[in-house]
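Fold and geometry: a report
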Amino acid sequence: MALRSLRLAALTLHLTLALDPFYLSPEQIAQLQGAAISMSVPGMAEGCTGLNQDPTDVEMDFAANAYWKYFTYDTYDPRTWVTLGDLETCLRSVPGGDVNEWVGAPDLWEAMTLIFKQLGDTAQPNHWWKQSWFEHNPVKNSDTVLGSAPGATAPISSMSTEAWEQQPCNAFSNAAFFEISLQACKTASTQHFGDFSGTWPWKNEIIAAGALMAYGSFAMHGNPSSGNWHEASGSIHKNVSRDLPYDTSMMDRVSMDVLFFVFFQAIVRAVARDPTDTEALKPVLGLLKSDDLAPLGCDNMYCDARDSIHLYQKTLAGPTSEWYKIDDMRYGIPNYELSSVGLVLVAIRAIMSDDLFGSAGMSAYTGVCSALVLSLMPNKDEAVWAEANYCKPGTDWYNSMKDLKWRVVKDIAKSLATLVTILESLIEGMFWQETLVGPTGYLDPYLKGVVNVSACWRQTHGNWHRVAAQMMKELMEFITTDVYTTSVTQISEAQKQQAWSSLNLVVAEFKIFVNALKTMKAANEVNLCRVFKLAKEVAASGKPLNYMVLPMMDADGINWLMAKEMTARDPILNLDLNINEAVKDPTGGCNYNLENVVIDEISGFSKWKMEDVAVQGEYVEGNSFDETMVKFKMGLKSCPLHLKVKARGDFVKDGGKLGFICKRLVWRTTTEINIAIRLSDMIVWSQAHFQKLFAGDATALTAGVDLLNIEIIKAEVTEFDITNFPGERALSNLVNSLMKGRVLEEGEKQLSDNVKASLQRALNDAMAEVGKKVSVSTERRRLATCDAYDAVLVDSARHASLLLPVLGVFLTLVTS
C-alpha cells in the first residue's frame with residue numbers, strides 16, 4: 001500500500017473557448033456572433049418542454065464551444081465561413097509533383113480544387129439516391145454561399161454553380177474538416193511537427209486527410225449515389241445506365257476511416273517511450289490480426305495509414321472514371337469506430353501505467369477497456385469481438401499493451417481530463433450522427449420543427465460533422481503538444497508522488513468518463529431544446545461557457561452541502577430528553593422531581609460555517625481491479641455556531657414527611673439558553689472502488705463519519721421561569737441549575753446525533769456530486785473566516801479537555 005500525500009485541489013476549471021485549437025480572432029467572433037444572434041431558438045410551438053429548467057452536465061457540454069459546433073458553414077450566410085481564411089496557404093504547403101507524387105497536382109490546393117470541380121461536373125440530381133439522413137432540402141449551388149461568396153467557400157466553390165446539393169446543411173458542414181488541415185498547418189508554423197525521430201513523418205498526410213474528409217462526406221451528402229432507392233426511378237437496384245460511375249457513400253466511409261486510422265497510429269507513436277521501435281509497436285499499430293487481412297501484406301494486420309491516404313488522394317485527383325476503385329479501399333483500413341476505440345484504449349493504458357498503478361495497472365486497463373468497447377461499438381457482435389480482442393489476456397494486442405513501455409504522465413488528473421474531453425466530444429458527435437446511439441427514436445420528439453430545418457445550426461447530422469472536427473483538433477493538440485508537456489519517458493519517485501497529488505480529481509475524471517459512456521444508451525435524456533437555447537445564449541453573448549468539475553472530498557463542496565443540511569434542520573423541534581430526576585430539597589421536607597423535560601426548539605443552524613480542513617488520500621494498490629481503490633480522510637473544524645435552546649419540563653412535588661403540605665403539585669418550568677458550540681474534532685472518510693465505478697455500481701463511491709465531538713464553548717441562561725412557584729429561592733435556583741445542566745448534557749447528545757446525520761447526508765450528496773459540472777461564477781463553495789467570540793467555561797466533565805487544533809488531531813490520527 002503506497003501512501004500518497006494529497007494537496008487540497010481546487011476545482012478544475014474548464015475554459016472551453018480558451019484552448020488554442022479553438023482560437024478565434026475578434027473579427028471572426030464578431031461575424032459568428034452576428035450570425036448566432038440572427039438565428040431563432042425553438043420554443044413551445046415546436047414542442048419544446050423544460051426550456052427553463054437548468055441544463056444537465058451533458059447539455060452544458062453540448063452547448064459549449066458554440067461558435068465552432070453550431071454557427072459555422074451555413075448554407076446561405078457567408079459570415080459563418082470566416083474561419084477558412086488561411087486554407088489556401090495551408091493546402092499549398094503540401095507540394096505535389098516529384099516531391100509527393102500522390103498529391104496528383106502541383107500542390108494540395110490545386111488538387112482539391114480539381115476534385116470538387118470534377119464532382120460538380122459529373123454529379124446531377126437525376127443520379128441521386130434517397131438516403132436515411134433527416135435532411136432532404138435540395139438547392140442549386142448558385143443559390144447558396146457557393147454562388148454568393150465563392151472566395152470564402154473555396155475550394156468547394158470550384159464546383160459548377162449549376163450543380164445541386166441534396167442535403168445542403170449536411171454537405172456544407174463538412175467544411176469543418178478543413179479545420180484539421182488548418183490546425184496541422186498552424187502547429188507546424190509554431191513548432192516542430194513531430195515525425196517521431198524521422199521514422200514516421202505525417203504532417204502532409206494529416207493535412208491531406210482533413211481535406212479528404214471535407215470532400216468525401218460533402219460528396220455523399222450533396223450528391224448521394226447509393227442509399228435506400230434511386231430517386232428518379234424508385235428502384236432499389238443499381239443500374240449503370242442511370243447511376244454515377246462511382247459511389248459517393250464509399251468516399252464518405254473511406255474518408256472517415258482513414259482519418260481516424262492515421263490519428264490512431266499517430267497516438268500510438270506519441271505515447272510510446274520508443275516510437276522508433278516499429279517492430280515492437282506493430283501488433284498495436286496494426287490494430288487487429290486476422291487471416292482476412294493477409295492480402296494487405298502486413299503480417300495479417302492493417303498497414304501504414306499514410307499509404308491509404310496516398311492511394312485515396314491520388315485516385316480522387318485522377319479521372320472520375322477511376323473513382324470506382326475507392327470502393328475496394330475500405331477493405332484495407334479499419335472502420336472508424338474501431339480506430340476511435342483503439343486510440344482511447346492506448347491513451348488509457350498510458351495513463352494507467354504500471355509505474356503509477358503498480359500491479360493493478362493492467363487489470364485496471366482491462367476493466368476500463370470492457371466498459372469502453374461495449375459502450376462505443378454500436379454493433380453488438382462487433383463489440384463482443386472487440387472486447388475479446390482488446391480487453392482479454394492472450395491476444396497479440398493485449399500482450400503488447402501489457403509489455404510495451406509507454407510514456408508516464410506527470411499528472412494523472414490533468415491527463416485524464418484531456419482524454420475525457422476527447423471522449424466526450426466523440427460521444428457528442430455520435431449523438432448528432434443520428435444512428436450510433438440509443439435508444440432507437442431518441443430524436444423523434446424533435447423532428448417537427450426543432451431539427452431538420454433549413455437553419456443549419458439545428459441540423460443534427462451537420463452538427464455531427466462540426467463536433468467531430470473539434471474532437472479531431474483536440475486529438476491533434478494532444479498528439480503534437482500535450483503528450484510531450486504532460487508526460488516523461490522516465491519518472492522519479494518524487495514525480496510519481498506528484499502524479500497522484502490531485503487524487504480527488506482523478507476520481508472525478510473517472511466518474512465523468514463513465515457518465516459520458518452512459519450517454520451512448522441514454523441519448524433520450526438530452527433535451528435538445530435546452531441545448532439549442534443555451535448554445536445560442538453562449539454564442540450571442542460573445543463569452544465562453546465556463547464550468548468547474550467537482551472533485552471527490554471537495555472541502556468547499558462538503559461545507560456548502562453541510563450548511564444546506566443544517567439549514568434544512570433549522571430549527572430542531574420537540575426533542576424528548578426522557579428525564580425523571582430527583583431535586584434535593586434543602587429543608588428535607590418534601591420530595592421534588594424534574595420530569596418530562598422536552599427541548600421545544602433549537603434554532604440557529606442556518607449560520608453553519610466551516611473554518612478549517614485537512615485532507616489525506618491514498619491509492620490502494622490491490623492485487624486485482626476489484627481490490628483497487630482510492631481512500632480519503634478529511635478532518636474538519638467548524639466556526640462557533642450560536643444556537644438558542646428553548647426547553648420545558650415539569651417540576652413536581654410528590655409526597656414527603658410533611659404530609660399534606662407535600663401533596664402532589666406540578667409546576668411548569670421553562671428556560672431559554674444561548675449556547676455556542678464548535679465541532680472541534682470531526683473526521684470523515686470516503687473511498688472509491690474503481691471496478692464498481694466502471695461497472696456503474698451506485699455504491700462505487702461511499703463515505704461516512706469516523707469521529708465527531710461537539711464542544712459547548714459558551715452557555716448562558718437568558719430566561720428561566722417556574723409558573724406560580726411559591727417555594728424558596730434556593731430551591732428555584734436548584735431547579736434552574738439542574739434544568740440547565742440536564743438540557744445541556746442531554747441536548748448535546750441530541751445535537752451530536754443530529755449533526756452526525758446531517759454530515760452523513762452531506763457526504764452522501766457530495767459523493768453524488770463528484771464529477772458534476774457547475775458554473776464558474778458560483779460563490780456558494782467557500783470556507784469561512786470565523787467571527788471572534790467570547791468563550792465561557794462550561795462546568796461539565798465532558799468539556800474539561802483542551803481544544804486541540806483539528807489539523808494536529810487529524811494528522812495524529814491518520815499517521816497512528
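Residues numbered from 1 in each chain as written. Predicted model: local features only at pLDDT ≥ 70, side-chain atom pairs only at ≥ 80, totals over all residues. Heavy atoms only, no water.

A look at the overall build of the chain
For clarity, the threshold we go by: In DSSP terms, a helix is any run of H or I states spanning at least four residues, a strand is any run of E spanning at least two, and both are numbered starting from the N terminus. Three labels apply to residues, based on accessible area from a 1.4 Å probe with only protein chains included: buried if under 20% of the type maximum, exposed if over 50%, partly exposed otherwise in between. Shrake-Rupley sampling with a 1.4 Å probe provides the accessible areas, and residues are treated as covered by the protein chains on show and by no other component. Residues counted as positive are Lys and Arg, residues counted as negative are Asp and Glu, and His and the chain ends are not counted. We put the charge of a Lys on NZ, of an Arg on CZ, of an Asp on CG and of a Glu on CD.
The helix and strand tally for the chain stands at 28 helices and 18 strands. Dimensions of the chain, computed from C-alpha atoms along their principal axes, come out at roughly 125 × 60 × 45 Å. Looking at the chain as a whole, 59% of its 816 residues are labelled buried. Accessible area of the chain: about 31900 Å², with a carbon and sulfur share of 51%. With 72 positive and 96 negative side-chain charges, the chain shows a spacing of 6 Å between the two charge centroids.

Details of the state of the cysteines
The line we're drawing: Disulfides are defined in this document as cysteine sulfur pairs within 2.5 Å.
Inspection of every chain in the model, using the stated rule, returns six disulfides. The partner cysteine of Cys 169 in its disulfide is Cys 456, sulfur to sulfur 2.0 Å. Negative torsions about the S-S bond denote left-handed disulfides, and the value of about -80° found for Cys 169 with Cys 456 makes this one left-handed. Taken together, the positions of Cys 169 in helix H8 (residues 168-172) and Cys 456 in the loop between helix H20 (412-433) and helix H21 (460-486) put the pair 287 residues apart, joining distant regions of the chain. Residues Cys 169 and Cys 456 agree in their burial class; the two are buried. Residue pairing for Cys 298: its cysteine sulfur links by disulfide to Cys 303, the two sulfurs lying 1.9 Å apart. The sign of the S-S torsion, about 115°, decides the handedness of the disulfide formed by Cys 298 and Cys 303: right-handed. Here Cys 303 falls in the buried class, since its relative accessible area comes to 17%.

What to know about H21
Condition: Take the seven residues that end at a residue and the seven that start at it, fit an axis to each, and the angle between those axes is the bend at that residue.
Maximal helix bending in H21 amounts to about 45°, located at Phe 478. By the criterion of burial, H21 is predominantly enclosed, with 23 of the 27 residues buried.

Points about the side chain of Ser 225
Defined as follows: By the convention used here, residues are in contact when the closest approach between their heavy atoms is within 4.5 Å.
One can find Ser 225 in the loop between helix H10 (203-222) and strand S6 (229-230). With sequence-adjacent residues up to four places away left out, Ser 225 is seen in contact with His 127, Trp 129, Lys 238, Leu 244, Tyr 246, Asp 247 and Thr 248.

A look at the pattern of salt bridges
Worth spelling out the cut-off: Salt bridges are counted wherever a side-chain nitrogen of Lys or Arg sits within 4 Å of a carboxyl oxygen of Asp or Glu.
Following the criterion strictly, the structure yields 33 salt bridges and no others. Residues Glu 428 and Lys 69 are paired through a salt bridge, measuring 2.9 Å at the closest nitrogen-oxygen approach. Here Lys 69 lies in helix H3 (residues 66-70) and Glu 428 lies in helix H20, a separation of 359 residues in the sequence. Both residues of the pair, Glu 428 and Lys 69, count as buried.

Quick notes on the nonpolar core
Note the following rule: What is meant by a nonpolar core is a set of buried Ala, Val, Leu, Ile, Met, Phe, Trp, Tyr and Cys residues, joined one to another through side-chain atoms within 4.5 Å.
One finds Trp 202, Ile 206 and Tyr 390 to be the most contacted residues of the largest nonpolar core, which totals 267 residues. Of the residues forming this core, the biggest block, 15 residues, is contributed by helix H11 (residues 248-271). Once residues lying within four places of it in the same chain are set aside, the contact partners of Tyr 390 are Leu 287, Leu 288, Leu 338, Leu 345, Tyr 365, Cys 369, Trp 385, Trp 397 and Tyr 398.

Thoughts on the environment of Gly 771
For Gly 771, the location among the structural elements is in the loop between helix H27 (729-769) and strand S18 (773-775). A C-alpha to C-alpha distance of 5.5 Å links Gly 771 and Ile 512, two positions 259 residues apart in sequence. Not counting chain neighbours up to four residues away, the residues in contact with Gly 771 comprise Asp 57, Ala 508, Ile 512, Val 549 and Leu 550.

Notes on the packing of aromatic side chains
Let me state the cut-off plainly: The pairing test for Phe, Tyr and Trp rings, Trp by its six-membered ring, is centres within 6.5 Å, and the orientation test on the planes gives stacked under 30 degrees, edge-to-face over 60, and tilted for anything in between.
One pass over the full model with this rule turns up 39 aromatic pairs. Arranged with centres 6.2 Å apart and planes meeting at 70°, the rings of Tyr 215 and Trp 323 form a pair that is edge-to-face. With Tyr 215 in helix H10 and Trp 323 in the loop between helix H13 (305-316) and helix H14 (326-329), this pair connects stretches of sequence that are 108 residues apart. Residue classification places Tyr 215 among the buried residues on the basis of a relative accessible area of 0%. By relative accessible area, which is 1% here, Trp 323 ends up buried. Aromatic pair Tyr 592 and Phe 651: ring centres 5.2 Å apart, planes at 15°, arrangement stacked. In this pair, Tyr 592 sits in strand S12 (residues 590-603) while Phe 651 sits in strand S15 (residues 641-656), placing the two residues 59 residues apart along the sequence. Assessed through its relative accessible area of 0%, Phe 651 is described here as buried.

Considering a nonpolar patch on the surface
Spelled out, the test is: Only residues whose relative accessible area exceeds 30% and that form no salt bridge enter a patch; like-charged residues are grouped when within 9 Å of one another, and nonpolar side chains (Val, Leu, Ile, Met, Phe, Trp, Tyr) when within 5 Å.
On the surface, Leu 658, Phe 660 and Ile 661 cluster together into a nonpolar patch covering about 340 Å² of accessible area. With respect to the helices and strands, the residue Ile 661 is situated in the loop between S15 and strand S16 (665-689).

Remarks on the packing of H20 against H21
Selection rule: Under this scheme, a helix contributes an axis fitted over its contacting stretch, all axes are lines through C-alpha atoms, and angles between N-to-C directions fall in the 0 to 180 degree range. Reported orientations rely on four angle classes, namely roughly parallel under 35 degrees, roughly antiparallel over 145, roughly perpendicular from 65 to 115, and oblique for the rest. For any helix crossing, the convention is left-handed if the near helix is rotated counterclockwise from the far helix by under a right angle, and right-handed if that rotation is clockwise.
Relative to each other, H20 and H21 sit at 165°, their axes nearing to 8 Å. By the angle between their axes, H20 is roughly antiparallel relative to H21. In the crossing of H20 with H21, the sense of the turn from one axis to the other is left-handed. Residues Ser 415, Thr 418, Thr 421, Ile 422, Ser 425, Leu 426, Glu 428, Gly 429, Met 430, Trp 432 and Gln 433 of H20 lie in contact with H21, whose contacting residues are Thr 460, His 461, Asn 463, Trp 464, Val 467, Met 471, Glu 474, Leu 475, Phe 478, Asp 482 and Thr 486.

Let's talk about the environment of Ser 235
Short version of the rule: We define a polar contact as two N or O atoms separated by no more than 3.5 Å, with the added condition that, inside protein, one atom must be a possible hydrogen donor and the other a possible acceptor, whereas residues neighbouring each other in sequence contribute only through side-chain atom pairs.
Residue placement: Ser 235 occurs in the loop between S6 and H11. Sequence-wise, Ser 235 and Trp 129 are 106 residues apart; in three dimensions their C-alpha atoms are separated by 9.3 Å. At 3.0 Å, the side chain of Ser 235 forms a polar contact with the side chain of Arg 242.

Topic: the side chain of Thr 187
Turning to its location among the elements, Thr 187 is positioned in helix H9 (residues 178-190). Contact partners of Thr 187, with chain neighbours within four places excluded, come to Phe 193, Met 476 and Thr 480.

Quick look at unusual backbone geometry
Along the chain, Gly 438 connects to Pro 439 via a cis peptide bond; the corresponding omega equals 5°. Summarising the element assignment, Pro 439 is placed in the loop between H20 and H21. With an omega dihedral of 0°, the bond running from Asp 570 to Pro 571 counts as a cis peptide bond. With respect to the helices, strands and loops of the structure, Pro 571 is situated in the loop between helix H25 (555-568) and strand S10 (572-576). The backbone phi angle of Glu 434 is positive, close to 95°, even though this residue is not glycine.

Description of the confidence of the model for the chain
In plain terms, the rule: The score called pLDDT rates the predictor's confidence residue by residue, from a low of 0 to a high of 100.
Looking at the chain, pLDDT values average 87 and 92% of them are 70 or higher. Across residues 1-19, where pLDDT falls below 50, the model places 68 contacts with residues more than four positions away in sequence or in other chains. Low confidence marks residues 789-816, where pLDDT is under 50. Its contacts with residues over four positions away, or in another chain, come to 44 contacts.

Examining the environment of Ser 197
Summarising the element assignment, Ser 197 is placed in the loop between H9 and H10. As for Ser 197 and Pro 283, which are separated by 86 residues in sequence, their C-alpha atoms are 20 Å apart.

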